[in-house]
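Structural overview for review
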Amino acid sequence: MAQIEGGDSLDPGMLMPILKTSAFGVEYHYEQETASTNAALRTLADNGAPEGTLVLAESQSGGRGRRGRSWISPAGGIWLSLLLRPALSPPQAPLQTLLAAVALTETLRREEGIAAAIKWPNDLLWQEKKIAGILTEMKGTMGHLDYLIVGVGINANFPAACLPDSLRDNATTLREILHGPVDRRRLLASFLHAWEKHYYFALREGYAKALHLWRSYNMTLGRDVRLQSGERQVTGRALDIDDEGRLIVETAPGRRETFLAGEVTLQKGWQYESPKGDCIHDG
Ligand code: BTN
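Residues numbered from 1 in each chain as written. Predicted model: local features only at pLDDT ≥ 70, side-chain atom pairs only at ≥ 80, totals over all residues. Heavy atoms only, no water.

**Observations regarding the sheet that holds strand β3 (residues 78-84)**
Judged by pairing direction, the sheet is mixed, and its seven strands sit side by side in the order β1-β2-β3-β7-β6-β5-β4 without closing on themselves. Either end of the sheet is taken by a strand with one partner, and the two such strands are β1 (28-34) and β4 (117-119). Within this sheet the neighbouring strands show an average axis-to-axis angle of 20 degrees, counted without direction. Running at roughly 150 degrees to strand β6 (residues 129-140), helix α3 (residues 93-112) makes contact with β3, β4, β5 (123-126), β6 and β7 (145-154) of the sheet. (Pairing = 2+ DSSP bridges. Helix = DSSP H or I, 4+ residues; strand = E, 2+ residues; numbered from the N terminus. Axes fitted to C-alpha atoms, helices over the stretch in contact; angles between N-to-C directions. Contact = heavy atoms within 4.5 Å.)

**Points about the environment of Asp 46**
Residue placement: Asp 46 occurs in helix α2 (residues 37-46). A relative accessible area of 42% places Asp 46 in the partly exposed class. Once the C-alpha coordinates of Asp 46 and Gln 233 are considered, the two residues, 187 residues apart in sequence, prove to be 36 Å apart. Contacts of Asp 46, omitting those with residues within four sequence positions, involve Lys 139 and Tyr 147. Engagement of the side chain of Asp 46 in a polar contact is seen with the side chain of Lys 139, the distance being 3.1 Å. (Buried < 20%, exposed > 50% of the residue type's maximum accessible area, 1.4 Å probe, protein only. Polar contact = N/O pair within 3.5 Å; in protein donor to acceptor, adjacent residues only side chain to side chain.)

**Observations concerning the packing of aromatic side chains**
Enumeration over the complete set of coordinates arrives at seven aromatic pairs. With 6.1 Å between their ring centres and 50 degrees between their planes, Phe 24 and Tyr 200 make a pair best called tilted. Of this pair, Phe 24 sits in the loop between α1 (12-15) and β1 while Tyr 200 sits in helix α6 (residues 184-205), and the two are 176 residues apart along the sequence. By relative accessible area, Phe 24 is classed as buried at 0%. It is Lys 209 that lies over the ring of Phe 201; its NZ or CZ is 4.8 Å from the centre. (Phe/Tyr/Trp six-rings, centres within 6.5 Å; stacked < 30°, edge-to-face > 60°. Lys NZ or Arg CZ within 6 Å of the ring centre and 35° of its normal.)

Right, dumping it as structure tokens:
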């Protein structure tokens, strides 16, 4: 296992001095390697860990992705899970994932000049290639949410050649985009700060601002998509998201259907337009 040391380490001694949050990451569990940070955090959550508890590992041996897939997690990435205990009902949980995607996109654009965009529901892409993913797991009953574990994986500082052949065409890393390493420590501290800010704002004021930002950062709406939702596969035009973050698709002329979860494939033949902004990296 590669040890991450010195300048690029995310160990608490390096991270804490630059962390500007009041809760996110204040309780910080750092590992060189773990099976899955989501799994590690679940144990802590069941033992009463407070909101904002962060688990981060330099590499994962059993990283988990959405839809039961595995998540390749070599040293150099940023693999983390954050514990949230919002007073929400379980159907509102997807909004929390959306919030994390908004905060990370904002951070990559503002701090790193990377023109990241969101593919519904919460994949981060750069020029159609995946650079980060989010896996939210929850514990609760029908009406009550006990806690949420939001797991975020960022393909940061490893070569794209570390990705398996099957992913190489559809995924990349920040290091490839920037032609050099990203400052993982600064990126992590900025992301946690942005995420905390959006989180407490949304709990106080509602999710309208986050939904607005999601729309402005997204690369799904207005496009022809193929959507695998459970056993069902549909094609159509992605029109919008509703107030709970569900995707509205026109599946036939005049027929709109709403989807809570699923896997979107963006149909080709559509030109990605770089978002306008003052710090866009032109790759
Ligand atoms: C996806 O499939 O797009 C979601 C990937 C989420 C990966 C992250 S890495 C940190 C956390 N721990 C895990 O086992 N998975 C998430």
